[in-house]
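Chain by chain, the residues run as shown.
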Amino acid sequence: MKSIYKKLRNSSEVFIIAEAGSNWKCGSKKQDIAQAKKLIKTASSCGADAIKFQTYDSSVYVKNAGESNYLSKNGIKKSVNEIFDEFSMSYEMLPILEKFCKQYNIEFMSTPFSVKDVHAIDKFVNIHKLASYEINHIPMLEALAKTKKPLILSTGASTLEEINFAIKTMKKFGNHQLCLLQCTSKYPARIESLNLSVISSFKNKYKFPVGLSDHSVDPFIAPITAVGLGATIIEKHFTLDKSSKGPDHYFSLDPNELKVMISSLRKSMISKGDSIKKIHNDETELRKFANRSIQATKNIQIGDKLVLGSNIEILRPGKRKRGIEPRFLHKIVNKKSRKKIRSGDGISLNDV
């Protein structure tokens, strides 16, 4: 538990969660488990650190809650109660999937939607995730805090006041191992709605690991921008087939997109380096070759005055003997040479 939070706090790495959501649901119980295992294998082979499922039932919503407009627009003409019933994951799947994740060296996660779910999931995970719309669920926050395991909180459609309340509640019950994800609770989310600058605000304000739960369709724009803003956690939905029936498939990444996204994020983190401006080893050769220095433009004899534009210039030296940097021109110009200097060679302080 400590090691995973330490990993999350490592600013030089990005923790990537492949969100399976409900994309494991495809038919019979046997088919569902087989599909979930395929998702695990795919996420692992693509390089994800974790794969996350969701554990819930229809008790999440009030009875007769009606249809969701966004799902109706995408051809799912069922009440949200029916959808949650249809895509609920039985508790007996948890140990099966957790064991399979261990075989493929990927962290198993599942988002709970009730206190009962928290208790069912807890024995199978090293880290918990709280969905955006559960951030005000006090009994669940208490239950999650008491597991003493790290918690990632999504903050979609939340105010700072609500976020602060959730953090205060977690700390009240003794859990300080928190992470925050910027999130726009829209499926899919438009690029214009992502407000990724919140990531750097979160990082400065809370001093927790921060990241992005991304519901946009594009595989790269938001995750890579988020990493540039300080995110060390990226969560993104993925599916084996975007054309499959279900609420999450159509805005999820396919396996190839997931693989390229993860590879790009790893490289993006490497490219950040540290905050110290310096000459990199990779720049040394060309800097010596092309960075301007003070060079002789004529053969110079002992006693000759060094005059800019007459017998010396600020030039790129290539493979010739390099002179001093132009910022020291005032120490050279109009001084007399104490040595013979070949045309093309650099002028050093010892030469005057």
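You'll find the structure just up there.
The structure displayed is predicted, hence computed values, not measured ones.

**Points about the pattern of salt bridges**
By the definition in use, this model includes 19 salt bridges. Across the pair D49 and K7 runs a salt bridge whose closest N-O atoms are separated by 3.2 Å. Residue D49 is found in the loop between α2 (29-46) and β2 (50-55), and its partner K7 is found in helix α1 (residues 2-9); the two are separated by 42 residues along the sequence. Take D49: its relative accessible area is 14%, and that puts it in the buried class. Assessed through its relative accessible area of 34%, K7 is described here as partly exposed. A salt bridge links K129 to E235, with the shortest nitrogen-to-oxygen separation between them at 2.9 Å.

**So, the sheet that holds strand β5 (residues 151-154)**
A sheet is described by the order of its strands in space; here 8 strands give the open sequence β3-β2-β1-β8-β7-β6-β5-β4, paired in parallel fashion. Every interior strand has two partners, whereas the edge strands, β3 (107-112) and β4 (128-130), have only one. Pairwise comparison of adjacent strand axes, ignoring direction, gives a mean angle of 25° for this sheet. Set on the sheet, α2 makes contact with β1 (15-21) and β2; between it and β2 the angle comes to about 150°. The strands touched by helix α5 (residues 93-103) within the sheet are β2 and β3, with β3 carrying the most contacts at an inclination of about 150°.

**Let's talk about a nonpolar patch on the surface**
On the surface, F220, I224 and V260 cluster together to form a nonpolar patch covering roughly 200 Å² of accessible area. Note on placement: V260 falls in helix α11 (residues 255-272).

**Observations concerning unusual backbone geometry**
With omega at -5°, the peptide bond leading from Y187 into P188 counts as cis. In this fold, P188 is placed in the loop between β6 (178-183) and α9 (198-206). The phi dihedral of A157 is positive, around 55°, even though this residue is not glycine. Position of A157 among the secondary structure elements: in the loop between β5 and α8 (160-172). The exposure class assigned to A157 is exposed, which follows from its relative accessible area of 60%.

**Quick notes on the pairing of strand β8 (residues 233-237)**
Within β8, 5 of the 5 residues are buried, leaving the element largely enclosed by the surrounding structure. The alternating pattern of β8 places I233, E235 and H237 on one face and I234 and K236 on the opposite face, and all of these are buried. Sheet topology places β1 next to β8; 5 bridges connect them, and they run parallel. Bridging across to β8, A18 finds its partner in K236. Direction of pairing for strand β7 (residues 210-214) relative to β8: parallel, over a ladder of 4 bridges. Residue pairing for β8: L212 is matched across the bridge by I234. The handedness of the β7 to β8 crossover, carried by helix α10 (residues 221-228), is right-handed.

**Some remarks on the packing of helix α6 (residues 115-122) against helix α7 (residues 138-146)**
With their axes 9 Å apart at the nearest point, α6 and α7 run at an angle of 20° to one another. With respect to α7, the axis of α6 lies roughly parallel. Every pair of crossing elements has a handedness; the one defined by α6 and α7 is right-handed. When α6 is examined against α7, the residues V115, V118 and H119 are found in contact with a partner set consisting of P139, M140, A143 and L144. Classifying every residue of the contact of α6 with α7 by side-chain character gives 6 nonpolar, 1 polar and no charged.

What counts as what
Residues numbered from 1 in each chain as written. Predicted model: local features only at pLDDT ≥ 70, side-chain atom pairs only at ≥ 80, totals over all residues. Heavy atoms only, no water. Salt bridge = Lys/Arg side-chain N within 4 Å of Asp/Glu carboxyl O. Helix = DSSP H or I, 4+ residues; strand = E, 2+ residues; numbered from the N terminus. Buried < 20%, exposed > 50% of the residue type's maximum accessible area, 1.4 Å probe, protein only. Pairing = 2+ DSSP bridges. Axes fitted to C-alpha atoms, helices over the stretch in contact; angles between N-to-C directions. Contact = heavy atoms within 4.5 Å. Patch = residues over 30% accessible without salt bridge, like charges linked within 9 Å, V, L, I, M, F, W, Y side chains within 5 Å. Areas by Shrake-Rupley, 256 points an atom, 1.4 Å probe, with all protein chains shown as cover. Right-handed = clockwise from strand over helix to strand, strands pointing away. Parallel < 35°, antiparallel > 145°, perpendicular 65-115°, else oblique. Left-handed = near helix turned anticlockwise from the far one by under 90°. Nonpolar A, V, L, I, M, F, W, Y, C, P; charged D, E, K, R; others polar.

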